[in-house]
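# Residue-level structural notes
Below are the chains, spelled out letter by letter.
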Amino acid sequence: SKDKSKPYRAQRMSPQCSLPAKCLPSRQLAGKHRLAGTKLNATRAHVARSAITNTSKAVASQVADETSTSSAIFNSKSVAAVILGGGAGTRLYPLTKSRAKPAVPIGGAYRLIDVPMSNCLNSGISKMYILTQFNSVSLNRHLARTYNFGNGIMYGGSGFVEVLAATQTPGLGGKEWFQGTADAVRQYSWLFEDIKNKDVQDIVILSGDHLYRMDYMAFVAKHREVNADITIGCLPVDEERASDFGLMKIENTGRITEFAEKPKGPALTAMAVDTSILGLSDDEAKASPYIASMGIYVFKKSALLNFLNFEYPKDNDFGGEIIPKAAADGYHVQAYLFTDYWEDIGTIKSFFEANLALAKNPPQFEFYDARAPIYTSPRFLPPAKVEKCHVKDAIISHGCSLADCSVEDAIIGLRSQIGRGCKIMHAMIIGADFYETDEQKAAIVEAGGVPVGIGEGCTISNAIIDKNARIGKNCIISNAAGVEELEDEENGVYIRSGIVTILRNATIPDGTII
């Protein structure tokens, strides 16, 4: 302090608000350091952008936050969410060999389950049930670490996240596991009549393997506005993708008159409609003549319990059985149009393409959104270390180490180690669960093994390298021969839709060519 009469007062700066002069947006920073189009995953990156604001905006934001908080507490009391953990995930195999589908890593630092969980939190819904059945250990661990509400005080004392594991319950065929989406909810339907759910009016049914950002309370508001029994999230699709979805026909009011689950051939053609009713232009309506279900629903609680336990007690699937029957039987089934980005991460091909699309500039979907962030498990990892690398259109996650290599059109996941001279192009490196010290690496090499990570001089393209994989030096993984399908789990290699997957914990020896 220049004024010696006034003692110097140390200022404690908030890590969320203290921005050094050189803290530029990620793309601006990237351009200055030859990392064109690269996003370096930094914890709470979204906070920095929102912190740069003037006083009047801060006051307005505070008022909005207070209103939002009040609304969130109210919403949490009247709406509950059920997130379906999915089946065995056979279409995503081998990524689901030792993990549930919602636990599959995405975007370098997230898991698929983070998307619906974050959408719920951002929408003010804090009563969440997650139904699991297959390989749920890593999913349960992630949920416990990430979404712990403690005593629920932040949501007026009523917020919770509960994992509902599959149990054998008496059914028509004796003791049975979950037989389908509706049956999974049916076996735990007694919970909705529990005292802690006495204020719940509507149940949101969600899938754990979709990539999108959505305000579920706007979804619920439409459902309540028209007094529907069921409201289905929908979007227009083209003929090529239409047979992969439940399709519907609607009236001018949006009420669904007919619903068909994944029709083929003539049944598919019969479900074509004029989608201009949804507000599409004539050209857009011609390109996308089908209205597809997103697989997310809002049910009146009373209607859901009635459907599951009385009207359709033998039906085990929402899309294939209960919803078509409810529409045919005169119940009010409503369509809710969603026009933003949405992707079903149900196959290896869609998973691979959706991940690489995140690294495009600009991407169709951003995890970085200050207004509605996607949350994930807090980690205490160092920033990525990038030394003498060429990086373009890539996401490099926390704790990575890259040296003298080239990375283009790629996702580099947590703790990834990329050796010198490597070329990574059009690929996804999921990363690792742990580090190895230099001494451990030397001992492994001396014993004839391969350290975790990508060895020096490797070329990897059109491939997914799963967690903790050990890729030796000078390997080429590219599927240059164009093989469409291959199962060689003994050697840690699997090819689906022409995309090579190196299995979790697999070891690929030096000089291997795939």
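Details of the structure are given in the entry above.
In this report, we go over the structure that sits alongside the text.

## A short note on the overall build of the chain
Scanning the chain from N- to C-terminus turns up 14 helices and 30 strands. Every one of the 514 residues in the chain was classed for burial, and the buried ones make up 49%. The long-range share in the chain, meaning contacts at least 24 apart out of those at least 6 apart in sequence, stands at 65%. By element, 51% of the accessible surface of the chain is carried by carbon and sulfur atoms, the whole surface being about 24,600 Å².

## Focus: the pairing of strand E14 (residues 290-300)
Most of E14 is tucked away, with nine of its eleven residues classed as buried. Inspection of the sheet shows strand E9 (residues 202-207) paired to E14 by four bridges, in the antiparallel sense. The residue of E14 that forms the bridge with Ile205 is Tyr297. The sheet contact formed by strand E11 (residues 230-237) and E14 spans seven bridges and is antiparallel. Within E14, the residue paired with Thr231 across the bridge is Val298. Pairing geometry for strand E12 (residues 246-250) and E14, over two bridges, is antiparallel. From the neighbouring strand, Met248 faces E14, where its bridge partner is Ile291.

## Quick word on the layout of surface pockets
Sizing a probe to match a water molecule and rolling it over the atoms shows the empty space that remains. Size it by volume and the second largest pocket reaches roughly 1,200 Å³. In terms of lining, the second largest pocket is formed by 45 residues, of which the most central are Arg91, Asp209, His210, Lys262 and Asp344. Counting residues per element, the ones that place at least two in the lining of the second largest pocket are strand E5 (127-132), helix H6 (181-187), E9, helix H8 (239-242), E14, helix H12 (318-328), strand E16 (342-344) and helix H13 (348-357). Top contributing element to the lining of the second largest pocket by residue count: E14, with four residues. Taken together, the residues that form the lining of the second largest pocket break down as 13 nonpolar, 19 polar and 13 charged.

## Focus: the packing of helix H11 (residues 301-311) against H12
Between H11 and H12, the least distance of the axes is 12 Å, while the angle of their chain directions is 110°. Classified by the angle between their axes, H11 and H12 sit roughly perpendicular to one another. For the pair H11 and H12, the contacting residues are Leu304, Phe307 and Leu308 in the first and Phe318, Ile322 and Ala326 in the second. Grouping the constituent residues of the contact of H11 with H12 by class yields six nonpolar, no polar and no charged.

Cut-off values and rules
- Residue numbers here run from 1 along each chain, matching the order of that chain's written sequence.
- Totals for whole chains, interfaces and linings use all residues, but because this is a predicted model, local features are given only for residues with pLDDT of at least 70 and pairs of side-chain atoms are given and counted only at 80 or more.
- Only heavy atoms go into the side-chain values, all of them from the structure, while hydrogens and water stay out.
- Per the convention used, a helix needs a DSSP run of H or I reaching at least four residues, while a strand needs a run of E reaching at least two, with both numbered from the N terminus.
- Accessibility here uses a 1.4 Å probe with only protein chains present; expressed as a share of the type maximum, an area under 20% marks a residue as buried, one over 50% as exposed, and anything in between as partly exposed.
- Residue contacts follow a heavy-atom distance rule, with two residues in contact if any of their heavy atoms lie within 4.5 Å.
- Note on areas: these come from Shrake-Rupley sampling with a 1.4 Å probe, and a residue is covered only by the protein chains present in the view.
- Two strands qualify as a pair provided that DSSP identifies no fewer than 2 bridges between them.
- Cavities and pockets are defined on a 1 Å grid built over the protein atoms alone: a cavity is a set of grid points where a 1.4 Å probe fits but cannot escape, while a pocket is an open set with protein on both sides within 12 Å along at least five of seven lines, and lining residues are those with an atom within 4 Å of any such point.
- Grid points are joined across faces, edges and corners, and a volume is the space filled by probe spheres set on the points.
- Residue classes follow a fixed rule: Ala, Val, Leu, Ile, Met, Phe, Trp, Tyr, Cys and Pro count as nonpolar, while Asp, Glu, Lys and Arg count as charged, and any other residue, Gly among them, counts as polar.
- Only C-alpha atoms enter the line fits that serve as axes; for helices the fit covers just the stretch in contact. Angles between N-to-C directions range over 0 to 180 degrees.
- Roughly parallel means an angle under 35 degrees; roughly antiparallel means over 145; roughly perpendicular covers 65 to 115; every other angle is labelled oblique.

These results come straight from atomic positions and should not be treated as a statement about function.
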